[in-house]
Amino acid sequence: MRNLVTYFVIVLVAIIGTLCGCSQQSSSSKPTFDEKKFVELYVEALLLQKSSLPPNERKQKLQALFSHYRFTPEKYQQIRHYYEQHPEEWERVLTKAIAQLKKQRQIVSQKKQAQ
């Protein structure tokens, strides 16, 4: 019986150690992805979330965006989690996203003036 308890404790410690090691690795190692495409997807998803479309239509369009940019929702969340752990890199991404939003706003303004 004592051997069974010892075995259980060893297995439990091994599992906890593995889980801790995995979480440290995932937060410290940058996922592999195309940052430019991620910024574009982030901007499009942000605009979509702020749209007045019905929730079902927004969800469908978001799935189409993921497909278009070749990201899965899980990969997107993994990248967001990485950036939560690295705010200095997230700030750089947000700066790119803001620049892209300004560019899109300028294009829309030019189209309105041309009409």
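Our structure is the block above this text.
Throughout what follows, the structure given in this document is the object of discussion. (Residues numbered from 1 in each chain as written. Predicted model: local features only at pLDDT ≥ 70, side-chain atom pairs only at ≥ 80, totals over all residues. Heavy atoms only, no water.)

Regarding the side chain of glutamate 89
Part 1 of the argument: Mapping glutamate 89 onto the fold places it in helix α5 (residues 87-114).
Part 2 of the argument: Within the structure, the side chain of glutamate 89 is placed 3.4 Å from the side chain of lysine 30, a separation counted as a polar contact.
Part 3 of the argument: Each residue touching glutamate 89, except ones within four places of it in the same chain, is listed here: Lys30, Tyr82 and Tyr83. (Helix = DSSP H or I, 4+ residues; strand = E, 2+ residues; numbered from the N terminus. Polar contact = N/O pair within 3.5 Å; in protein donor to acceptor, adjacent residues only side chain to side chain. Contact = heavy atoms within 4.5 Å.)

A look at the packing of helix α2 (residues 35-49) against helix α3 (residues 55-69)
Part 1 of the argument: In the contact formed by α2 and α3, the axes pass within 10 Å of each other and the chain directions differ by 170 degrees. One element, α2, and the other, α3, form an angle in the roughly antiparallel class. Only Arg58, Lys61, Leu62, Leu65, Phe66 and Tyr69 of α3 make contact with α2, whose side of the interface consists of Lys37, Glu40, Leu41, Glu44, Ala45, Leu48 and Gln49. (Axes fitted to C-alpha atoms, helices over the stretch in contact; angles between N-to-C directions. Parallel < 35°, antiparallel > 145°, perpendicular 65-115°, else oblique.)

A look at α5
Part 1 of the argument: Its 28 residues give α5 an end-to-end C-alpha distance of 40 Å, which sits within 8% of 40 Å, the value for a rise of 1.5 Å per residue.
Part 2 of the argument: When α5 is considered as a whole, its buried residues turn out to be Glu89, Trp90, Val93, Ala97 and Gln100.
Part 3 of the argument: Contact partners of the buried residues in α5: α2 and α4 (73-85). (Expected span 1.5 Å × (residues − 1). Buried < 20%, exposed > 50% of the residue type's maximum accessible area, 1.4 Å probe, protein only.)

Considerations on the pattern of salt bridges
Part 1 of the argument: Under the counting rule described, the total for this entry stands at five salt bridges.
Part 2 of the argument: Among the ionic pairs, glutamate 35 bridges to lysine 30, the shortest N-O distance being 3.6 Å.
Part 3 of the argument: Overall, the relative accessible area of 15% leaves glutamate 35 in the buried class.
Part 4 of the argument: Ionic pairing is found between glutamate 89 and lysine 30, a salt bridge with its closest N-O pair at 3.4 Å. You can see glutamate 89 sitting in helix α5 and its partner lysine 30 sitting in the loop between α1 (2-28) and α2, a full 59 residues away along the chain.
Part 5 of the argument: We classify lysine 30 as partly exposed; its relative accessible area is 38%.
Part 6 of the argument: Among the ionic contacts, a cluster of salt bridges with common partners joins Lys30, Glu35, Glu89, Arg92 and Lys96. (Salt bridge = Lys/Arg side-chain N within 4 Å of Asp/Glu carboxyl O.)

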